[in-house]
Amino acid sequence: MNIKLQKSCYFVVFFITISMLTAAAELPGISILATGGTIAGSGVSATGSAYKAAVNPVDKVIAAVPEVNNIARIRGDQICNISSQDMKPEYWLKLAARINQLFRLDLADGVVITHGTDTMEETAYFLNLTVAYDKPVVLTGSMRPGSALSADGAMNLYNAVAVASAREARNKGVLVVMNDRIYSARGVRKCDTINPAAFNDRENGPIGRVNYGKVSFNNRSDKKHTYQSLLKLPFFAGNLPEVPIVYGYAGINPQMVETICKSGIRGLVYAGVGNGNPSEEVLNVLAKASADGITVVRATRVPDGPVTLDAEVDDAKFGFIVADSLTPQKARILLMLALHKNFARADIQQFFFDY
Ligand code: GLU
């Protein structure tokens, strides 16, 4: 090869390398915060239903989907490795602090959280109330472990990274991406115990779709974002107060409710029947608790429809709060945060309508 040709070859190789480095640097930076769940699980057989959740560490979860590196600069971080029935406020606080730190220091353009599906909606709503930035935060998981036929985790993770990388996903609150659909944290809930199409928002439906990484939002996606929520937390937030949920049913024993009310709690969510109704006996117990300073929120065990103020129950008289369309488990989260920050009941009621 003559010298001139050799020089040209060097130049071409140099140019290609620089272009590749520039292209990689232009990809969005996405932090994957792993918490466990089936997406980190494994079973012994591809067709058997038995498996163990939360066995694989974050590196292994990411390595199973190398395609994510084509659409983002990925960084993995292990928050915990648990089945999400073991999720608790301690991990929520750790997640919120880590996400706020990543965004404050401009270390990520978006965050994906891998999570068990059982309590994914609760973590999503907690973060919706406590993340103080409008960059995308997306939760995903899987219904089948990676060892199963038609495992859904790989595509869910790929799609979640695509959504977290999308500019349109900003300012939409915390999102859940499962089975090609995008949901808002407030309304999403697990609606099927075993099927990969497990999630839905029964009131509003999904706010978008993501198909092989192609993201599209529909016109229901303009929800109020809560990054300016009054419930966002400082880095060291301390412990959140204990708030139990009591599930209503025909023939409920009022003494059981009374025992819970006397256990030193500051607030309680009553998942009543119908429009959040307690029996007459339980109403008396809750009225006394409310007069004694316990904040009582009426939610419902019914899947659809809000709990409304002053229908069969005189909320104004008893000082009760209604959960609007929040499920009992999400009402509990909002109440924990609001009590932690010592808001007055009137403010808390407004939060239930706004957040
Ligand atoms: N129960 C486990 C959990 O929520 C596994 C269910 C799942 O991830 O789909 O972590």
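Reading the values: rules and limits
- Residues numbered from 1 in each chain as written.
- Predicted model: local features only at pLDDT ≥ 70, side-chain atom pairs only at ≥ 80, totals over all residues.
- Heavy atoms only, no water.
- Helix = DSSP H or I, 4+ residues; strand = E, 2+ residues; numbered from the N terminus.
- Buried < 20%, exposed > 50% of the residue type's maximum accessible area, 1.4 Å probe, protein only.
- Contact = heavy atoms within 4.5 Å.
- Expected span 1.5 Å × (residues − 1).
- pLDDT = per-residue confidence, 0-100.
- Pairing = 2+ DSSP bridges.
- Axes fitted to C-alpha atoms, helices over the stretch in contact; angles between N-to-C directions.

Our next topic: the environment of Ala53. Its place among the elements puts Ala53 in the loop between β3 (51-52) and α2 (58-63). Accessibility expressed as a relative area gives 16% for Ala53, which makes it buried. Along the sequence, Ala53 and Asn81 sit 28 residues apart, while their C-alpha atoms lie 8.9 Å from each other. The contacts of Ala53, once residues within four sequence positions are left out, are Gly37, Thr38, Ala40, Gly41 and Ser83.

This part covers helix α8 (residues 280-291). Taking 1.5 Å as the rise per residue, α8 with twelve residues should run 16 Å; its terminal C-alpha atoms sit 17 Å apart, in good agreement. On its buried side, α8 packs onto α7 (254-261), β14 (267-272), β15 (295-300), α9 (315-318) and α11 (345-354). Immediately beyond the C-terminal end of α8, within one or two residues, lies Gly293, with a positive phi of roughly 105°.

Here we come to the confidence of the model for the protein chain. Averaged over every residue, the pLDDT of the protein chain is 92; residues scoring 70 or more account for 91%. In this model, residues 14-19 is a region of pLDDT below 50 whose contacts with residues beyond four sequence positions or in other chains number zero contacts.

Right, let's talk about the sheet that holds strand β1 (residues 29-36) for a bit. The eight strands are arranged β4-β1-β5-β6-β7-β8-β11-β12 in an open sheet whose pairing can be described as mixed. Taken across any chain shown, the strands that pair with only one partner, and hence form the sheet edges, are β4 (73-82) and β12 (214-217). Each strand of the sheet is rotated relative to its neighbour by a mean of 25°, with strand direction disregarded. Here four bridges tie strand β11 (residues 208-211) to β12, and the two strands are oriented antiparallel to one another. Among the inter-strand pairings, Gly208 is bridged to a residue of β12, identified as Phe217. Most of the contacts of helix α4 (residues 89-104) go to β4, to which it runs at about 165°, and overall it touches β1, β4, β5 (110-114) and β6 (137-140). Lying on the sheet, helix α6 (residues 153-165) is in contact with β1, β4, β5, β6, β7 (175-178), β8 (181-184), β11 and β12; it crosses β5 at an angle near 155°.

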